[in-house]
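Next come the chains, spelled out residue by residue.
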Amino acid sequence: MEVLLVGRWLLAFAVLSALAVPIAARLFRWAPGRGVGLAPILAIAVLTTAGYWVGRVSFGVEALAAGLLALGAGSLGASIDTGAARRGSLSLADDAIPSGQRAIGSALLVFLGAFTLVLLIRAADPAITPVGGEKFLDYSLLRSLLRAETLPPLDPWFAGEAVNYYYGGHLAAALMTILSGVPPAYAYNLSLATVYACLIAAVFELARGIAVDRIGDRTGGRNDPGNGTQHDHAAAPRLAAGAGVAAAAAVGLASNLATVRSLLERLGSGSAAEAEPFHYWDASRVIEGTINEFPFFAFLNGDLHAHMMGAPFLVLGTAIAYAYWRTPEDELRRRRLLVFGVIPALGGTIAVVHTWDLATLFGVVWLAATFAPARPLTLLPGSSVRSFDGDFDAGGDSDTDPGSDRSVLREEIERTGGALVVTALAAGIGGMLAAPFLLGASSGQEPALVPPGRRSGLGGLLTVHGAFLAAFLAFLIGRLAGTNSRLAGISPLLVGLAAVVGSGLLVGVSAIAVVAPPLVLGWVALRADRGVGFETALIIGGAGLVGLVEIVHVAEQAGPGRLNTVFKTYFQVWTLWGIAAGVVLSELWAAGVTGTDLRKSTAAALPAGRTVARVLVVLLVVSTLPYAALALDGHFDRHDVGTLDATAFVAADHPGEAPAIAWIDEHATREDVLLEAPGTTRSPEGLAQAAEPGMYTWRANPASSVTGIPTVAGWDHEVGYRGVEPYERRVAAVDRAYAGTTVERVRTLDAYGVTYVWVGPTERERYGENVAFDHLEGVSVAYETDRVTIYRVDQDALPG
């Protein structure tokens, strides 16, 4: 039966992806196979965008139909040869059809391999257990959406109010659930596998697209500017595939250096018995006071969380930014469509999926506009921009000498400032599209400076980012030095960087050692045209994000200090740097540290630059992949459930409550409200007899979390969405409903429109063994087991 469910899900997703292929081919014409690897997330983006807007009026089948219609219309429009249509004939556009069977097959293989990996992980441990993650939150959002009549859905942990959280990824999962007809308990884990597969396939496609373009630019006897690198045209597909595989591994399997550091410490101690056993959780908590997740940890842990679902959307946006980078300046209509049309539309959706990714998306767009060959201000109507193509063209009216410092400075200001103007306009359009969601999002969040005592230490930073940093510095220094391997030309730059880094370390700003070198070297390499490209723009972007969270953080209730800011931002950094690392590692392996001419070398006699580079690549692989091997081994050693049913654990582990949960799930309607004990240790008026249940435990709101039926006060998470006072007001009302006077009980039932009351083990522990409601007028027993009593409330029959 479960095999059939997986088949139905994959068939539905295959249809969506196939519809997106012509659109991807038009957008990503530079990619091998014309963007087949990006088609899956593109399909989900179109489906989610249309479903979101129509869902604000009517959600469900109508929203799904709108998404399918939008995807079909886009596919049809992208497939038509517009030139032939103007001439009165109808034919398929050549660039709307993917080319290259090997390129297409490898993209499909990557997607299916990634999907299968997570599917096996979840089949071994499919449960939405509340311990060690936020699966209760994620599953309750999915169920709430499937019960919704309009968007935004009702908050399952704050009855009567709309969800005050980014739910766009769960919206996509809900639309896929409706389309495939798969039960939500299975759809949760299938959605998790799909998100991972979309992420890895998109990363693979983008990285090999960047690589093959750069290799292609170096063929035909044209030397790579600045370092003389040339590649054999026949080697291009192999090198591009290597970049894609390396990027997929960097994003999808690699970890930070915490695991290899621990293994080395064990070897150094000489006694493995005395060392702490490996635990997959440890590598995500390296820098004190922060969370340092990387993708493989997140998907192994199994939350269907917003920052994970936002990652493939961010990669899609990055690919669109690269599509702009690759578009010649004279293709003004296409460039404007990408920057002022496609990117803002995607940004409006990303705001609903994971709002934290919105600023990063436009940061990537700014970098693309800054460093792309096309001048950014030419995007604006009526702009008159002087050209700069190695020699400054002053139009005959300037007294500035070509190549002077003034002309270089003017060009830099024109490029960076012009890109900023263009990006601000695009962000403004995206902000307007995101406004309906953003205006209703949680408030009380504001930027704050990071206190000096809470900044990251150098050891933690190097543990988290060190592998990326080693690859990037080897690549950038090598490209700046050139094929002669002499550093004399860039020694002043390196000395200056060393002075800046040393000064930063002396004053306690350790992050400067991680941020300054890749940012400065990358910027100089791009401006000097030293054989680098879009991957270096991503290196700069990631470095900027690492530095930013050492200066400011978002002050909020969701996590103490900058915990949540680093958590969300580092996931973005890993994604961007993983793509860049794939391209960099492929080039280091093939061309060496300084860009050796491949046609003049043989495998039998590798030049010194390539030998050093290959040793570095091997060391990086050996230091970042053991985590995945150890984590998978431990996971399958501990878990062997053998189902994809996310709720099967309820009957197995909680047999006394499972029948009651199943009953209310079946009988409750969209209008029902459930009263159960709040998921917090708070008791504002002291009516609770025990501090239980708190959060991250089965005892916290199991009925509302598993069914999506709204409860009056759910997990303490709501403090981050609503504020302390509104949440505590509800907690106090729930406490009075269970332990107050009759008048107080009735007042709560009436005020929140309660239709069912749950009395289970948690309620009896929190409020006393004798808690009951059957003596109240208008309240009767609807369902009862030896562990749970469910009361039905007739609102019309409650005493006045």
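Residues numbered from 1 in each chain as written. Predicted model: local features only at pLDDT ≥ 70, side-chain atom pairs only at ≥ 80, totals over all residues. Heavy atoms only, no water.

### Things to note about the packing of aromatic side chains
Working step 1: As enumerated under the stated definition, the model contains 36 aromatic pairs in all.
Working step 2: Measuring from centroid to centroid gives 6.1 Å for Trp-366 and Trp-523, while their planes differ by 45 degrees, and the two rings are tilted. Residue Trp-366 is found in helix α14 (residues 356–371), and its partner Trp-523 is found in helix α18 (residues 512–527); the two are separated by 157 residues along the sequence.
Working step 3: Taken together, Phe-278, Tyr-280, Trp-281, Phe-294, Phe-296, Phe-297, Phe-468, Phe-472, Trp-574, Trp-577 and Tyr-627 form an aromatic cluster joined through their ring pairs.
Working step 4: A cation over an aromatic ring shows up here: Arg-730 above the ring of Phe-158, its NZ or CZ 3.8 Å from the ring centre.
Working step 5: Cation over ring: Arg-745 sits above Phe-773, and NZ or CZ is 4.6 Å from the ring centre. (Phe/Tyr/Trp six-rings, centres within 6.5 Å; stacked < 30°, edge-to-face > 60°. Helix = DSSP H or I, 4+ residues; strand = E, 2+ residues; numbered from the N terminus. Lys NZ or Arg CZ within 6 Å of the ring centre and 35° of its normal.)

### Looking at a nonpolar patch on the surface
Working step 1: A contiguous nonpolar surface patch, about 200 Å² in accessible area, is contributed by Leu-263, Phe-278 and Leu-630.
Working step 2: Looking at the secondary structure, you find Leu-630 in helix α22 (residues 626–638).
Working step 3: Residue Leu-630 is classed as partly exposed on the basis of its relative accessible area of 31%. (Patch = residues over 30% accessible without salt bridge, like charges linked within 9 Å, V, L, I, M, F, W, Y side chains within 5 Å. Areas by Shrake-Rupley, 256 points an atom, 1.4 Å probe, with all protein chains shown as cover. Salt bridge = Lys/Arg side-chain N within 4 Å of Asp/Glu carboxyl O. Buried < 20%, exposed > 50% of the residue type's maximum accessible area, 1.4 Å probe, protein only.)

### A few points about the sheet that holds strand β7 (residues 779–784)
Working step 1: Read from one edge of the open sheet, 4 strands run β5-β6-β8-β7, paired in mixed fashion. Two strands close off the open sheet at either side, each with one partner strand: β5 (674–675) and β7. (Pairing = 2+ DSSP bridges.)

### So, the nonpolar core
Looking at soluble globular proteins, one finds that nonpolar side chains tend to be buried together.
Working step 1: Core analysis: the largest hydrophobic core is formed by 218 residues, its most contacted members being Phe-28, Tyr-167, Phe-296, Trp-325, Phe-472 and Phe-534.
Working step 2: The biggest single contributor to this core is helix α8 (residues 184–217), with 20 residues.
Working step 3: Setting aside anything within four residues of it in sequence, one finds Trp-325 in contact with Leu-367, Ala-368, Phe-371, Ala-372, Pro-373, Leu-526, Gly-533, Phe-534 and Ala-537.
Working step 4: Core analysis: the next-biggest nonpolar cluster, separate from the first, contains 26 residues, Val-719, Tyr-738, Tyr-791 and Leu-798 among them. (Core = buried A, V, L, I, M, F, W, Y, C linked by side-chain atoms within 4.5 Å. Contact = heavy atoms within 4.5 Å.)

### Looking at the confidence of the model for the protein
Working step 1: Model confidence for the protein is summarised by a mean pLDDT of 90, while 90% of its residues fall at 70 or above.
Working step 2: Below pLDDT 50 for its whole length, residues 385–400 participates in 24 contacts with residues either more than four positions away or in separate chains.
Working step 3: When the criterion is pLDDT under 50, residues 597–605 qualifies, and its contacts beyond four places in sequence or with other chains add up to 11 contacts. (pLDDT = per-residue confidence, 0-100.)

### Describing the pairing of strand β6 (residues 756–759)
Working step 1: The alternating pattern of β6 places Tyr-756 and Trp-758 on one face and Val-757 and Val-759 on the opposite face, and all of these are buried.
Working step 2: Relative to β6, β5 is paired through 2 bridges, and the arrangement is parallel. Across the sheet, the residue bridging to Leu-674 is Tyr-756, located in β6.
Working step 3: Of the strand pairs in this sheet, β6 and strand β8 (residues 789–793) are connected by 4 bridges, and their pairing is antiparallel. Following the sheet pairing, Val-759 is matched in β8 by Thr-789.

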